[in-house]
Amino acid sequence: MKSFGALAILTLATGIPAHTERELDYASARARLVDSIRGYARSMGARADPRVLAAMRTVPRHQFVPAGQRDEAYRDYPLPIGEGQTISQPTIVAMMTHLLKPEPGDVMLEVGTGSGYQAAVLSRLVDHVYSIEIVEPLARRSAKRLDALGYDNVTVQHGDGYAGWPAHAPFDGIIVTAGAKHVPPPLVEQLKPGGRMVIPVGSSLGTQELKLIMKDGKGRVTSRTITPVRFVPLTREERD
Ligand code: SAH
């Protein structure tokens, strides 16, 4: 008798192709992850923004991690993405996105595209995301990935995000996903009145403090410390 592989048997039994079956597994793992983020927020006495959670339920994080690590994509920790960089922990992505208070008409800037995952999540909640990545292969790969997955309201550029992106400024929100030694003044300048910036600030070796910077309607800037975090350092472009 002809023997079938396990996947072929699964396909015969359910009528669903194996790759679709795998996508369904990823989707349910993703839903469980989102539930656990909601539960974590509640345990801290906070209410996770349901729109942020809904966005995270749609973005396939497994497509943003190296192929060998797909099965870990829906665990709540950072993962390596090559070039010594990491994709952030999902809980931190949820928290930072929440702090930005994204609105449908907003134009946002991200510094540190990495895998493109955070930009993809944010793109579901705003009009457009401009994202800058200093490591050229990462910028290239994330732009290609976002394009292939249909995130057409994200624009990725290779460069040093310390200087922001003056051509598209001012921004309703700015998210920095690498640890800065200080808040880059060009980014504060490029924030709209009423805008918010989320940025890890601290020593490049240890942990940073996640800061929420707010610019009020009169252009006055205030800052709040949210929680300790650990991000890869914000690096600077080599200059002659
Ligand atoms: N947001 C990413 C994770 C970022 S990891 C994601 O969702 O996958 C931090 C990224 O910031 C790294 O890819 C690093 O190369 C990049 N980075 C560091 N310094 C930078 C700078 N000055 N300008 C732009 N990107 C920078």
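All values reported here derive from a predicted model rather than from experimental measurement.

A.B. asks: An account of the sheet that holds strand β6 (residues 171-176) is needed here, citing residue identities and associated values.
C.D. replies: Spatially, seven strands are ordered β5-β4-β3-β6-β7-β8-β9 in an open sheet, and the strand pairing comes out mixed. The sheet terminates laterally at β5 (154-158) and β9 (221-229), the two strands that pair on one side only. Here the average twist between neighbouring strands, direction ignored, is 15 degrees. Bridge count between strand β3 (residues 107-111) and strand β4 (residues 128-133): five bridges; the pairing is parallel. For E110, the partnering residue across the bridge sits in β4 and is S131. Sheet contacts for helix α6 (residues 136-148): β4 and β5; angle to β5, the most-contacted strand, approximately 160 degrees.

A.B. asks: With reference to specific residues and values, describe the pattern of salt bridges.
C.D. replies: By the definition in use, this model includes seven salt bridges. Its salt-bridge partner being R236, residue D160 comes within 2.9 Å of it at the nearest N-O pair. Of this pair, D160 sits in the loop between β5 and β6 while R236 is found in the segment after β9, placing the two residues 76 residues apart along the sequence. Assessed through its relative accessible area of 12%, D160 is described here as buried. Judged by its relative accessible area of 35%, R236 falls in the partly exposed class.

Cut-offs used in this document
- For every chain, the first residue of the written sequence is number 1, and numbering continues from 1 along that sequence.
- pLDDT decides what is reported in this predicted model: residues at 70 or higher carry local features, side-chain atom pairs at 80 or more are listed and counted, and totals for whole chains, interfaces and linings draw on all residues regardless.
- Processing note: side-chain calculations cover all non-hydrogen atoms of the structure and skip hydrogens and water entirely.
- Here, a strand pair is defined by DSSP locating no fewer than two bridges between the strands.
- Helix and strand assignments follow DSSP, with helices taken as H or I runs no shorter than four residues and strands as E runs no shorter than two, numbered in order from the N terminus.
- Here, axes are lines fitted to C-alpha atoms. For helices the fit covers the stretch in contact, and angles between N-to-C directions go from 0 to 180 degrees.
- Pairs of residues are marked as contacts when any of their non-hydrogen atoms sit within 4.5 Å.
- Only one rule defines a salt bridge in this text: a Lys or Arg side-chain nitrogen within 4 Å of an Asp or Glu carboxyl oxygen.
- Partly exposed describes any residue whose relative accessible area lies between the buried limit of under 20% and the exposed limit of over 50%, with all areas from a 1.4 Å probe on protein chains only and scaled to the type maximum.

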